[in-house]
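Given next are the chains, with one letter for each unit.
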There are 2 protein chains.
Amino acid sequence: MKDDGPLAHLIRRLAVLPGLGPRSARRAALTLITKKDEMLLPLINAMEEAAAQIKTCPVCGALDDTSPCRVCSDPARDKSLICIVATLTDLWAIERTGGFRGTYHVLGGVLSALDGIGPDHLNLSTLQTRVKDTPPREIILALPATVDGQATAHVVMDMLTDYNIPVSRLAHGMPIGGELDYLDDGTILTAFQARG
Amino acid sequence: MKDDGPLAHLIRRLAVLPGLGPRSARRAALTLITKKDEMLLPLINAMEEAAAQIKTCPVCGALDDTSPCRVCSDPARDKSLICIVATLTDLWAIERTGGFRGTYHVLGGVLSALDGIGPDHLNLSTLQTRVKDTPPREIILALPATVDGQATAHVVMDMLTDYNIPVSRLAHGMPIGGELDYLDDGTILTAFQARG
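Residues numbered from 1 in each chain as written. Chains lettered and ligands numbered in written order. Predicted model: local features only at pLDDT ≥ 70, side-chain atom pairs only at ≥ 80, totals over all residues. Heavy atoms only, no water.

1. Comments concerning the sheet that holds strand 6 (residues 167-169) of chain B
Residues and elements named next belong to chain B. Here we have four strands laid out as an open sheet, ordered 4-3-5-6, and parallel in their pairing. The open sheet is flanked by strand 4 (102-106) and strand 6, the only strands paired with a single partner. In this sheet, neighbouring strand axes are inclined to one another by 30° on average, regardless of whether the strands run parallel or antiparallel. Two strands pair when backbone bridges link them, and strand 3 (residues 78-85) and strand 4 are joined in this way by five bridges, in the parallel orientation. Bridging across to strand 4, V85 finds its partner in V106. (Pairing = 2+ DSSP bridges. Helix = DSSP H or I, 4+ residues; strand = E, 2+ residues; numbered from the N terminus. Axes fitted to C-alpha atoms, helices over the stretch in contact; angles between N-to-C directions.)

Dropping the structure here:
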């Protein structure tokens, strides 16, 4: 394949998507071109629609086609409960459980020295304003259980310390269905220490 | 996440691409929306460009923005040598080696009873016309070393049997850099039988 031309161009544009490498980008481009009417044109439409209609929620930082987002504008959701998540995919993961009826705050990532992401890159100032204006009764930190995620949790807790709002974190322990033999030492140790 | 709306729509359209499942489609959609100017809009442009300009080569069945394709219209390529491949990605794989200076014929897949792909679904009639009009000096079958690929090879050879053209196949054996201990029994056996 030559390195120029519209097909090579499309492949390069697809290859930068997370989850697609050069090989799957080539396969995806080929499938799209071969199924122009069933796949390529509908995907173009869906992308144009998304580009035109998706906005960032001014309250929580989530993306949605309504503003504020569906969670923030839902009268049935408990506004006095704010769950802080790193990304929208984490928000979706919690929504899929159907077990949380509060609201969210999407930071847009976690602190990362390697990627040069500092506190100013995260959606923290709106959180501060939000907490100051209408103090919630509880803030739940649902950040990744990684070094970067926990560093981010510390920064968020530091920021919230003046407002005297109870802050909780997701529990650490064995995943449901998990087998001890396949778990890492850190998780087993944490599960032991948090036993009850 | 709700199941309607432009974001859900975009995710569903991305999830049907080969190599992307529901989770990576969610991550890809999120990345696209978050980086609208750097990723989403250029990808839309690349897709529209590809949709408008990419055509099927009337000679070999490959996809390109020129018609006939770059290989078929290149005077330096040996037209009397036809390499039959299942898909365009296989053609690209051979082109990346830089070792073949003949032309191709892209079948557009292999026979598959499971997927309901019969000889009529493959680009075989143009191959017959091509071979009848200007008989090549050799046809190379570079079809996948799978059951379906080999069934396809048999059908192609049956079709070509009246034309008395030498047909060769890619050799089977150990991959370069391969270790015996990691190879399957069938490959080792074939490599033994074809030793020389």
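2. Observations regarding the interface of chain A and chain B
Listed per partner, the contact involves 49 residues of chain A and 49 residues of chain B. In this assembly, chain A packs against chain B so that about 4,700 Å² is buried in total across both faces, 74% of it on carbon and sulfur atoms. Interface area lost by chain A to chain B is led by P6, M47 and W92 of chain A, which between them contribute 15%. Where chain A packs against chain B, one counts zero salt bridges. Summed over the shared surface of chain A and chain B, the number is six residue pairs in polar contact (both at pLDDT 80 or more). (Contact = heavy atoms within 4.5 Å. Buried area = accessible area lost by both parts, 1.4 Å probe. Salt bridge = Lys/Arg side-chain N within 4 Å of Asp/Glu carboxyl O. Polar contact = N/O pair within 3.5 Å; in protein donor to acceptor, adjacent residues only side chain to side chain.)

3. Concerning unusual backbone geometry
All names here are of chain A. Cis peptide bonds are those with omega within 30 degrees of zero, and the linkage from S67 to P68 qualifies with 0°. Here N164, not a glycine, exhibits a phi torsion of approximately 55°, which is positive. Note on placement: N164 falls in the loop between helix 6 (147-160) and strand 6 (167-169).

4. Looking at the confidence of the model for chain A
All names here are of chain A. Of all residues in chain A, 98% have pLDDT values of 70 or greater, and the mean over the chain is 91. Ranking the elements of chain A by mean pLDDT puts helix 7 (residues 185-193) last with 84 and strand 4 (residues 102-106) first with 96. Scoring the predicted complex yields pTM 0.79 and, for the interface, ipTM 0.80. (pLDDT = per-residue confidence, 0-100.)

5. Focus on the pattern of salt bridges
Residue and element names in this part refer to chain A. Inspection of the entire model under this criterion finds eight salt bridges over all chains. Taking the shortest distance from any N to any O, the salt bridge between R70 and D65 comes out at 2.7 Å. Looking at R70, the relative accessible area reads 22%, which means it is partly exposed. Taken together, the shared-partner salt bridges connect D64, D65 and R70 into one network. (Buried < 20%, exposed > 50% of the residue type's maximum accessible area, 1.4 Å probe, protein only.)

6. Brief notes about helix 2 (residues 22-34) of chain A
Under the 1.5 Å per step criterion, the end-to-end length of helix 2 of chain A is 18 Å for 13 residues, consistent within 8% with the ideal 18 Å. Burial in helix 2 of chain A covers these residues: S24, A25, R26, A28, A29, L30, T31, L32 and I33 of chain A. (Expected span 1.5 Å × (residues − 1).)

7. Notes on the packing of aromatic side chains
One pass over the full model with this rule turns up two aromatic pairs over all chains. Consider the rings of F100 of chain B and Y104 of chain B, whose centres lie 5.3 Å apart with planes at 65°: the pair is edge-to-face. (Phe/Tyr/Trp six-rings, centres within 6.5 Å; stacked < 30°, edge-to-face > 60°.)

8. Some thoughts on the environment of H9 of chain A
Tracing the backbone through its elements, the reader meets H9 of chain A in helix 1 (residues 5-15). C-alpha separation for the pair H9 of chain A and A171 of chain A, spaced 162 residues apart in sequence, amounts to 46 Å. Apart from residues lying up to four places away in sequence, H9 of chain A is in contact with A46 and E49 of chain B.

9. Observations concerning the side chain of T89 of chain B
When you line up the elements, T89 of chain B lands in helix 4 (residues 88-97). Note on T89 of chain B: relative accessible area 18%, which makes it buried. Every residue in contact with T89 of chain B, bar those within four places of it in the chain, is listed here: R26, R27 and L30 of chain A.

10. Details of the pairing of strand 3 of chain B
Residues and elements named next belong to chain B. Read as a crossover between parallel neighbours, the route from strand 3 over helix 4 to strand 4 is right-handed. Pairing geometry for strand 3 and strand 5 (residues 138-142), over five bridges, is parallel. Bridging across to strand 5, I84 finds its partner in L141. (Right-handed = clockwise from strand over helix to strand, strands pointing away.)

11. Considering helix 6 (residues 147-160) of chain B
For an α-helix the count is 3.6 residues per turn, leaving residues at separations of three or four pointing the same way. All names here are of chain B. The end-to-end C-alpha separation of helix 6 is 20 Å, in line with the 20 Å expected for 14 residues at 1.5 Å each. Among all positions of helix 6, only G149, T152, A153, V156, M159 and L160 are buried. One face of helix 6 carries all of its buried residues, which in axial projection span an arc of 125°. Counted as exposed and oriented over 90 degrees from the buried face of helix 6: V147 and D158. The inward-facing, buried residues of helix 6 contact strand 3, helix 5 (125-133), strand 5 and strand 6. (Arc of directions from axis to C-beta.)

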